[in-house]
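Geometric and topological summary
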Amino acid sequence: MCFRSALNLLAVRGYGEAEFWLSGGKVILIFILFFFTFITMVGGNPQKDHYGFRYWYTPGAFREYLHTGSLGRFEGFLAALFNASFAVVGPEYISMVAAEAMRPRIYLKTAFKTIYVRFAIFFVGSALCVGIVLPYSDKTLHQLNDSGSTGTAAASPYVIAMGNMGITVLPDIVNALMLTSIFSAGNTYTYCATRSLYGLALEGRAPSVLRKTMSNGVPIYCFLVVMCFPFLSLLQVSKGSSVVLDWLVSLITAGGLIDYLVMSITYIFFYRACKAQGLDRNTLPYTGWFQPYGAYIALAIQFTIVMIYNYEAFTPWNVETFFQGYTMQIIAPILFFGWKFAKKTRIVRPHEADLVWEAPTIDAYEARFTEPPSGFWREMGQLIGIGRKNRVVE
(Lines give C-alpha, C1' and ligand atoms only; values in the text may rest on other atoms or scores of the structure.)
Protein backbone atom coordinates (compact mmCIF):
# COMPACT_ATOMS: atom_id res chain seq x y z
CA MET A 1 0.00 0.00 0.00
CA CYS A 2 2.96 2.31 0.61
CA PHE A 3 4.30 1.82 -2.93
CA ARG A 4 0.80 2.27 -4.35
CA SER A 5 0.39 5.50 -2.39
CA ALA A 6 3.69 6.87 -3.67
CA LEU A 7 2.81 6.12 -7.30
CA ASN A 8 -0.61 7.74 -7.07
CA LEU A 9 0.84 10.89 -5.53
CA LEU A 10 2.94 11.42 -8.69
CA ALA A 11 -0.10 12.40 -10.78
CA VAL A 12 -0.95 10.73 -14.07
CA ARG A 13 2.63 10.61 -15.38
CA GLY A 14 3.94 8.52 -12.50
CA TYR A 15 0.86 6.35 -12.53
CA GLY A 16 1.01 5.91 -16.31
CA GLU A 17 4.68 4.90 -16.46
CA ALA A 18 4.30 2.51 -13.52
CA GLU A 19 1.23 0.97 -15.09
CA PHE A 20 3.11 0.57 -18.37
CA TRP A 21 5.76 -1.60 -16.78
CA LEU A 22 3.33 -3.46 -14.55
CA SER A 23 1.12 -4.18 -17.54
CA GLY A 24 4.19 -5.57 -19.27
CA GLY A 25 4.42 -8.12 -16.46
CA LYS A 26 0.79 -9.07 -17.02
CA VAL A 27 1.34 -9.54 -20.75
CA ILE A 28 4.39 -11.71 -20.11
CA LEU A 29 2.41 -13.76 -17.58
CA ILE A 30 -0.53 -14.35 -19.89
CA PHE A 31 1.64 -15.47 -22.78
CA ILE A 32 3.65 -17.77 -20.50
CA LEU A 33 0.40 -19.40 -19.47
CA PHE A 34 -0.82 -19.63 -23.08
CA PHE A 35 2.42 -21.34 -24.14
CA PHE A 36 2.28 -23.57 -21.06
CA THR A 37 -1.24 -24.65 -22.02
CA PHE A 38 -0.38 -25.42 -25.63
CA ILE A 39 2.94 -27.16 -24.97
CA THR A 40 1.63 -29.38 -22.18
CA MET A 41 -1.62 -30.32 -23.93
CA VAL A 42 0.33 -31.75 -26.88
CA GLY A 43 2.58 -33.80 -24.60
CA GLY A 44 5.33 -31.39 -23.56
CA ASN A 45 5.14 -32.23 -19.84
CA PRO A 46 7.08 -34.51 -17.45
CA GLN A 47 4.38 -37.18 -17.74
CA LYS A 48 4.41 -37.13 -21.58
CA ASP A 49 0.63 -36.97 -21.40
CA HIS A 50 -1.07 -35.71 -24.60
CA TYR A 51 -4.21 -34.66 -22.75
CA GLY A 52 -5.45 -32.19 -25.37
CA PHE A 53 -9.11 -31.34 -24.72
CA ARG A 54 -9.68 -34.39 -22.52
CA TYR A 55 -11.20 -32.45 -19.64
CA TRP A 56 -13.86 -31.03 -21.94
CA TYR A 57 -15.25 -34.55 -22.20
CA THR A 58 -14.17 -36.09 -18.87
CA PRO A 59 -15.63 -34.81 -16.60
CA GLY A 60 -17.00 -32.23 -19.08
CA ALA A 61 -16.78 -28.57 -20.01
CA PHE A 62 -19.72 -27.49 -17.81
CA ARG A 63 -20.19 -28.41 -14.17
CA GLU A 64 -23.67 -28.94 -12.78
CA TYR A 65 -24.76 -26.41 -10.17
CA LEU A 66 -27.88 -26.41 -7.97
CA HIS A 67 -29.68 -28.77 -10.35
CA THR A 68 -28.69 -31.72 -12.53
CA GLY A 69 -28.77 -32.26 -16.28
CA SER A 70 -28.85 -29.46 -18.84
CA LEU A 71 -30.39 -27.00 -16.38
CA GLY A 72 -27.62 -27.66 -13.87
CA ARG A 73 -24.91 -27.16 -16.51
CA PHE A 74 -26.53 -23.90 -17.60
CA GLU A 75 -26.62 -22.76 -13.97
CA GLY A 76 -22.95 -23.71 -13.70
CA PHE A 77 -22.24 -21.42 -16.65
CA LEU A 78 -24.19 -18.60 -14.98
CA ALA A 79 -22.28 -19.09 -11.72
CA ALA A 80 -18.98 -18.78 -13.61
CA LEU A 81 -20.30 -15.73 -15.49
CA PHE A 82 -21.29 -13.96 -12.28
CA ASN A 83 -17.93 -14.69 -10.64
CA ALA A 84 -16.10 -13.47 -13.75
CA SER A 85 -18.10 -10.22 -13.61
CA PHE A 86 -15.97 -9.17 -10.64
CA ALA A 87 -12.82 -9.27 -12.80
CA VAL A 88 -14.16 -7.80 -16.06
CA VAL A 89 -13.23 -4.21 -15.37
CA GLY A 90 -10.78 -1.84 -16.97
CA PRO A 91 -12.19 -0.41 -20.22
CA GLU A 92 -14.28 2.13 -18.34
CA TYR A 93 -11.19 3.31 -16.46
CA ILE A 94 -9.46 4.52 -19.62
CA SER A 95 -11.87 7.44 -19.94
CA MET A 96 -10.89 8.65 -16.46
CA VAL A 97 -7.37 9.40 -17.68
CA ALA A 98 -8.71 11.79 -20.35
CA ALA A 99 -8.57 14.86 -18.11
CA GLU A 100 -4.85 14.33 -17.43
CA ALA A 101 -3.69 12.88 -20.76
CA MET A 102 -1.46 15.03 -23.00
CA ARG A 103 -3.32 14.37 -26.24
CA PRO A 104 -6.63 12.80 -25.22
CA ARG A 105 -8.12 12.66 -28.73
CA ILE A 106 -5.13 10.73 -30.06
CA TYR A 107 -4.00 8.57 -27.17
CA LEU A 108 -7.43 7.61 -25.86
CA LYS A 109 -8.61 6.70 -29.35
CA THR A 110 -5.72 4.25 -29.66
CA ALA A 111 -6.32 2.92 -26.15
CA PHE A 112 -10.01 2.25 -26.76
CA LYS A 113 -9.25 0.45 -30.02
CA THR A 114 -7.07 -2.05 -28.15
CA ILE A 115 -9.95 -3.03 -25.86
CA TYR A 116 -11.31 -5.53 -28.39
CA VAL A 117 -7.94 -7.30 -28.56
CA ARG A 118 -7.57 -7.21 -24.79
CA PHE A 119 -10.95 -8.85 -24.26
CA ALA A 120 -10.25 -11.52 -26.87
CA ILE A 121 -6.80 -12.39 -25.52
CA PHE A 122 -6.93 -11.80 -21.79
CA PHE A 123 -10.50 -12.79 -20.94
CA VAL A 124 -11.67 -15.23 -23.61
CA GLY A 125 -8.21 -16.77 -24.10
CA SER A 126 -7.64 -17.20 -20.36
CA ALA A 127 -11.02 -18.82 -19.82
CA LEU A 128 -10.28 -21.23 -22.67
CA CYS A 129 -6.88 -22.21 -21.24
CA VAL A 130 -8.18 -22.73 -17.70
CA GLY A 131 -10.74 -25.21 -18.97
CA ILE A 132 -8.03 -27.10 -20.88
CA VAL A 133 -5.36 -27.53 -18.18
CA LEU A 134 -7.56 -28.41 -15.19
CA PRO A 135 -10.86 -30.29 -14.75
CA TYR A 136 -13.46 -28.85 -12.42
CA SER A 137 -13.35 -32.12 -10.45
CA ASP A 138 -9.69 -31.70 -9.44
CA LYS A 139 -9.20 -32.76 -5.79
CA THR A 140 -6.71 -30.02 -4.94
CA LEU A 141 -9.05 -27.38 -6.32
CA HIS A 142 -11.91 -28.71 -4.19
CA GLN A 143 -9.75 -28.88 -1.06
CA LEU A 144 -8.64 -25.27 -1.45
CA ASN A 145 -12.21 -24.16 -2.09
CA ASP A 146 -13.56 -26.05 0.94
CA SER A 147 -10.83 -24.66 3.20
CA GLY A 148 -11.50 -21.10 2.11
CA SER A 149 -7.99 -20.62 0.68
CA THR A 150 -9.14 -19.46 -2.76
CA GLY A 151 -7.62 -16.02 -2.19
CA THR A 152 -4.06 -17.30 -2.42
CA ALA A 153 -1.83 -17.87 -5.45
CA ALA A 154 -1.84 -21.59 -4.65
CA ALA A 155 -5.50 -21.67 -5.73
CA SER A 156 -4.60 -20.63 -9.27
CA PRO A 157 -5.76 -23.33 -11.74
CA TYR A 158 -2.45 -22.98 -13.57
CA VAL A 159 -0.37 -23.49 -10.42
CA ILE A 160 -2.49 -26.52 -9.48
CA ALA A 161 -2.10 -27.95 -13.00
CA MET A 162 1.67 -27.45 -12.87
CA GLY A 163 1.80 -29.24 -9.54
CA ASN A 164 -0.27 -32.14 -10.92
CA MET A 165 2.18 -32.51 -13.80
CA GLY A 166 5.23 -32.37 -11.55
CA ILE A 167 6.51 -29.12 -13.01
CA THR A 168 8.81 -27.09 -10.73
CA VAL A 169 10.21 -23.53 -10.83
CA LEU A 170 7.52 -22.34 -13.26
CA PRO A 171 4.90 -22.05 -10.47
CA ASP A 172 7.25 -19.69 -8.61
CA ILE A 173 7.68 -17.55 -11.73
CA VAL A 174 3.91 -17.46 -12.22
CA ASN A 175 3.37 -16.43 -8.59
CA ALA A 176 5.94 -13.62 -8.91
CA LEU A 177 4.33 -12.27 -12.08
CA MET A 178 0.90 -12.67 -10.51
CA LEU A 179 2.07 -10.36 -7.74
CA THR A 180 2.78 -7.63 -10.31
CA SER A 181 -0.71 -8.14 -11.76
CA ILE A 182 -2.32 -7.78 -8.34
CA PHE A 183 -0.28 -4.66 -7.62
CA SER A 184 -1.23 -3.23 -11.01
CA ALA A 185 -4.93 -3.82 -10.33
CA GLY A 186 -4.68 -2.09 -6.94
CA ASN A 187 -2.76 0.78 -8.51
CA THR A 188 -5.47 1.30 -11.14
CA TYR A 189 -8.34 1.05 -8.67
CA THR A 190 -6.70 3.59 -6.36
CA TYR A 191 -6.17 6.07 -9.19
CA CYS A 192 -9.70 5.73 -10.57
CA ALA A 193 -11.43 5.76 -7.18
CA THR A 194 -9.58 8.97 -6.30
CA ARG A 195 -10.61 10.66 -9.56
CA SER A 196 -14.22 9.44 -9.26
CA LEU A 197 -14.54 10.91 -5.77
CA TYR A 198 -12.90 14.14 -6.95
CA GLY A 199 -15.35 14.36 -9.86
CA LEU A 200 -18.27 13.95 -7.47
CA ALA A 201 -16.87 16.75 -5.31
CA LEU A 202 -16.55 19.08 -8.32
CA GLU A 203 -20.17 18.37 -9.26
CA GLY A 204 -21.38 19.08 -5.73
CA ARG A 205 -22.28 15.45 -5.02
CA ALA A 206 -19.56 15.04 -2.37
CA PRO A 207 -18.20 17.41 0.33
CA SER A 208 -16.47 20.44 -1.16
CA VAL A 209 -13.40 19.90 1.04
CA LEU A 210 -12.51 16.99 -1.26
CA ARG A 211 -11.77 19.47 -4.07
CA LYS A 212 -8.38 20.29 -2.52
CA THR A 213 -5.50 19.33 -4.85
CA MET A 214 -1.72 19.30 -4.63
CA SER A 215 0.47 21.39 -6.91
CA ASN A 216 0.69 18.49 -9.38
CA GLY A 217 -3.10 18.16 -9.56
CA VAL A 218 -3.55 15.13 -7.29
CA PRO A 219 -6.74 15.48 -5.16
CA ILE A 220 -5.05 14.83 -1.84
CA TYR A 221 -8.09 14.54 0.43
CA CYS A 222 -9.85 12.23 -2.01
CA PHE A 223 -6.70 10.13 -2.10
CA LEU A 224 -6.58 9.90 1.71
CA VAL A 225 -10.21 8.81 1.87
CA VAL A 226 -9.66 6.13 -0.78
CA MET A 227 -6.55 4.79 0.96
CA CYS A 228 -8.63 3.94 4.04
CA PHE A 229 -10.36 1.12 2.17
CA PRO A 230 -7.37 -1.11 1.29
CA PHE A 231 -7.12 -1.96 4.98
CA LEU A 232 -10.38 -3.88 4.61
CA SER A 233 -8.36 -6.56 2.82
CA LEU A 234 -7.02 -7.56 6.25
CA LEU A 235 -10.49 -8.96 6.99
CA GLN A 236 -9.47 -12.00 4.95
CA VAL A 237 -7.05 -12.97 7.73
CA SER A 238 -9.88 -14.07 10.02
CA LYS A 239 -12.53 -16.55 8.89
CA GLY A 240 -15.23 -14.66 10.80
CA SER A 241 -14.21 -11.30 9.30
CA SER A 242 -13.96 -12.79 5.82
CA VAL A 243 -17.77 -12.87 5.77
CA VAL A 244 -17.69 -9.06 5.65
CA LEU A 245 -15.25 -9.25 2.75
CA ASP A 246 -17.60 -11.63 0.91
CA TRP A 247 -20.34 -9.05 1.30
CA LEU A 248 -18.09 -6.33 -0.08
CA VAL A 249 -17.11 -8.46 -3.08
CA SER A 250 -20.78 -9.19 -3.85
CA LEU A 251 -21.74 -5.51 -3.55
CA ILE A 252 -18.80 -4.38 -5.69
CA THR A 253 -19.59 -6.97 -8.37
CA ALA A 254 -23.21 -5.86 -8.55
CA GLY A 255 -22.06 -2.23 -8.65
CA GLY A 256 -19.73 -3.01 -11.56
CA LEU A 257 -22.55 -4.63 -13.50
CA ILE A 258 -24.76 -1.60 -12.89
CA ASP A 259 -21.87 0.61 -14.02
CA TYR A 260 -21.82 -1.09 -17.43
CA LEU A 261 -25.60 -0.86 -17.67
CA VAL A 262 -25.48 2.89 -16.98
CA MET A 263 -22.78 3.33 -19.64
CA SER A 264 -25.05 1.72 -22.24
CA ILE A 265 -27.94 3.99 -21.22
CA THR A 266 -25.66 7.03 -21.35
CA TYR A 267 -24.49 6.16 -24.85
CA ILE A 268 -28.07 5.69 -26.08
CA PHE A 269 -28.95 9.15 -24.77
CA PHE A 270 -25.81 10.56 -26.39
CA TYR A 271 -26.72 8.95 -29.72
CA ARG A 272 -30.24 10.40 -29.54
CA ALA A 273 -28.80 13.86 -28.82
CA CYS A 274 -26.46 13.60 -31.83
CA LYS A 275 -29.41 12.73 -34.07
CA ALA A 276 -31.60 15.51 -32.64
CA GLN A 277 -28.91 18.17 -33.04
CA GLY A 278 -27.58 16.98 -36.40
CA LEU A 279 -24.10 16.10 -35.15
CA ASP A 280 -22.32 13.66 -37.47
CA ARG A 281 -20.57 11.13 -35.24
CA ASN A 282 -18.01 10.52 -37.99
CA THR A 283 -16.53 13.94 -37.20
CA LEU A 284 -15.54 12.69 -33.75
CA PRO A 285 -12.10 11.15 -33.09
CA TYR A 286 -13.62 7.71 -32.53
CA THR A 287 -16.91 6.19 -33.66
CA GLY A 288 -18.41 3.00 -32.24
CA TRP A 289 -19.48 0.22 -34.58
CA PHE A 290 -23.02 -1.09 -35.07
CA GLN A 291 -24.66 1.71 -33.15
CA PRO A 292 -27.16 2.24 -31.63
CA TYR A 293 -28.08 -1.44 -31.99
CA GLY A 294 -24.96 -2.59 -30.16
CA ALA A 295 -25.84 -0.39 -27.19
CA TYR A 296 -29.41 -1.74 -27.06
CA ILE A 297 -28.19 -5.34 -27.23
CA ALA A 298 -25.62 -4.69 -24.52
CA LEU A 299 -28.26 -2.97 -22.38
CA ALA A 300 -30.62 -5.96 -22.67
CA ILE A 301 -27.87 -8.43 -21.73
CA GLN A 302 -26.60 -6.29 -18.86
CA PHE A 303 -30.10 -5.73 -17.48
CA THR A 304 -30.77 -9.47 -17.57
CA ILE A 305 -27.54 -10.24 -15.72
CA VAL A 306 -28.17 -7.54 -13.12
CA MET A 307 -31.63 -8.94 -12.40
CA ILE A 308 -30.66 -12.61 -12.19
CA TYR A 309 -27.33 -12.02 -10.43
CA ASN A 310 -27.31 -14.18 -7.29
CA TYR A 311 -30.65 -15.74 -8.21
CA GLU A 312 -29.77 -18.77 -6.03
CA ALA A 313 -31.12 -16.72 -3.11
CA PHE A 314 -34.56 -17.87 -4.29
CA THR A 315 -33.69 -21.60 -4.48
CA PRO A 316 -34.40 -21.94 -1.59
CA TRP A 317 -35.15 -18.49 -0.20
CA ASN A 318 -32.29 -17.04 1.85
CA VAL A 319 -32.47 -13.51 3.23
CA GLU A 320 -28.71 -13.05 3.65
CA THR A 321 -27.91 -14.26 0.13
CA PHE A 322 -30.67 -12.08 -1.29
CA PHE A 323 -29.29 -8.87 0.22
CA GLN A 324 -25.74 -9.88 -0.72
CA GLY A 325 -26.74 -10.03 -4.37
CA TYR A 326 -29.49 -7.43 -4.67
CA THR A 327 -28.63 -4.61 -2.26
CA MET A 328 -27.00 -2.54 -5.01
CA GLN A 329 -29.92 -3.16 -7.38
CA ILE A 330 -32.22 -1.72 -4.71
CA ILE A 331 -30.00 1.18 -3.62
CA ALA A 332 -29.00 2.42 -7.12
CA PRO A 333 -32.49 3.47 -8.33
CA ILE A 334 -33.33 4.87 -4.88
CA LEU A 335 -30.25 7.10 -5.00
CA PHE A 336 -30.88 8.15 -8.61
CA PHE A 337 -34.54 9.06 -8.26
CA GLY A 338 -33.99 10.36 -4.73
CA TRP A 339 -31.44 12.86 -6.08
CA LYS A 340 -33.82 13.83 -8.88
CA PHE A 341 -36.61 14.41 -6.37
CA ALA A 342 -34.47 16.24 -3.77
CA LYS A 343 -32.74 18.50 -6.29
CA LYS A 344 -35.80 18.84 -8.52
CA THR A 345 -33.83 17.97 -11.66
CA ARG A 346 -35.17 16.30 -14.77
CA ILE A 347 -33.84 14.08 -17.55
CA VAL A 348 -32.17 16.20 -20.24
CA ARG A 349 -33.99 16.09 -23.57
CA PRO A 350 -32.00 15.17 -26.72
CA HIS A 351 -32.19 18.65 -28.28
CA GLU A 352 -31.10 20.28 -25.00
CA ALA A 353 -28.00 18.15 -24.31
CA ASP A 354 -24.71 20.06 -24.33
CA LEU A 355 -22.59 18.30 -26.96
CA VAL A 356 -19.95 21.06 -27.00
CA TRP A 357 -19.03 21.51 -23.33
CA GLU A 358 -15.21 21.90 -23.07
CA ALA A 359 -14.46 21.05 -26.72
CA PRO A 360 -13.12 24.55 -27.64
CA THR A 361 -10.75 24.45 -24.66
CA ILE A 362 -9.47 21.01 -25.68
CA ASP A 363 -9.08 22.20 -29.29
CA ALA A 364 -6.97 25.15 -28.14
CA TYR A 365 -4.92 22.89 -25.86
CA GLU A 366 -4.14 20.32 -28.57
CA ALA A 367 -3.46 23.04 -31.18
CA ARG A 368 -0.32 24.12 -29.32
CA PHE A 369 1.42 20.84 -30.13
CA THR A 370 3.56 21.25 -33.23
CA GLU A 371 5.31 17.88 -33.18
CA PRO A 372 3.53 14.66 -34.15
CA PRO A 373 2.66 12.38 -31.23
CA SER A 374 5.24 9.82 -30.21
CA GLY A 375 4.72 6.35 -31.57
CA PHE A 376 4.68 3.20 -29.48
CA TRP A 377 8.32 2.21 -30.06
CA ARG A 378 9.56 5.77 -29.55
CA GLU A 379 7.75 5.90 -26.21
CA MET A 380 9.29 2.54 -25.33
CA GLY A 381 12.75 3.95 -26.02
CA GLN A 382 12.11 7.12 -24.06
CA LEU A 383 11.00 5.11 -21.03
CA ILE A 384 14.49 3.55 -20.84
CA GLY A 385 16.33 6.77 -21.76
CA ILE A 386 16.77 6.39 -25.53
CA GLY A 387 15.98 9.66 -27.32
CA ARG A 388 14.84 11.35 -24.14
CA LYS A 389 17.12 14.37 -24.64
CA ASN A 390 15.50 15.20 -27.96
CA ARG A 391 12.04 14.75 -26.61
CA VAL A 392 9.78 17.76 -27.00
CA VAL A 393 8.23 18.81 -23.73
CA GLU A 394 4.49 18.50 -24.22
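A brief structural summary. (Residues numbered from 1 in each chain as written. Predicted model: local features only at pLDDT ≥ 70, side-chain atom pairs only at ≥ 80, totals over all residues. Heavy atoms only, no water.)

Our focus in this paragraph is the overall build of the protein chain. The helix and strand inventory of the protein chain stands at 15 helices and zero strands. A total of 394 residues make up the protein chain; the buried ones form 32% of that total. Within the protein chain, contacts between residues at least 6 apart in sequence are counted, and of these 67% link residues at least 24 apart. Carbon and sulfur atoms form 69% of the exposed surface of the protein chain, whose accessible area is close to 24,000 Å². (Helix = DSSP H or I, 4+ residues; strand = E, 2+ residues; numbered from the N terminus. Buried < 20%, exposed > 50% of the residue type's maximum accessible area, 1.4 Å probe, protein only. Contact = heavy atoms within 4.5 Å. Areas by Shrake-Rupley, 256 points an atom, 1.4 Å probe, with all protein chains shown as cover.)

Glancing now at the pattern of salt bridges. Once their charged atoms are close, side chains differing in charge can pair, the charge on each being opposite to the other. Scanning the entire structure with this criterion turns up five salt bridges. In this structure, arginine 205 engages glutamate 203 in a salt bridge whose closest nitrogen and oxygen atoms are separated by 2.8 Å. Taking relative accessible area as the criterion, arginine 205 reaches 44% and is therefore assigned partly exposed. Note that glutamate 352 and arginine 346 form a salt bridge whose closest N and O atoms lie 3.0 Å from each other. For glutamate 352, a relative accessible area of 37% translates into the label partly exposed. Ionic contacts of the salt-bridge type, sharing partners, join the residues Arg346, Arg349 and Glu352 into one network. (Salt bridge = Lys/Arg side-chain N within 4 Å of Asp/Glu carboxyl O.)

Structurally, leucine 134 can be placed in the loop between helix 6 (115-133) and helix 7 (139-147). In this structure, the C-alpha to C-alpha distance between leucine 134 and alanine 161, residues 27 residues apart in sequence, is 5.9 Å. If sequence neighbours within four positions are ignored, leucine 134 has contacts with Tyr55, Leu141, Pro157, Ile160, Ala161 and Asn164.

With that settled, the discussion passes to the side chain of arginine 281. With respect to the helices, strands and loops of the structure, arginine 281 is situated in the loop between helix 11 (242-277) and helix 12 (293-308). It is aspartate 280 that comes nearest to the buried, bridge-free arginine 281 among opposite-charge side chains, at 6.6 Å. A polar contact is formed between the side chain of arginine 281 and the side chain of tyrosine 267, at a distance of 2.9 Å. Leave out the neighbours within four places in its chain, and arginine 281 touches Tyr267, Phe270, Tyr271, Cys274, Thr287, Gly288 and Gln291. (Lys, Arg positive; Asp, Glu negative; His and termini not counted. Polar contact = N/O pair within 3.5 Å; in protein donor to acceptor, adjacent residues only side chain to side chain.)

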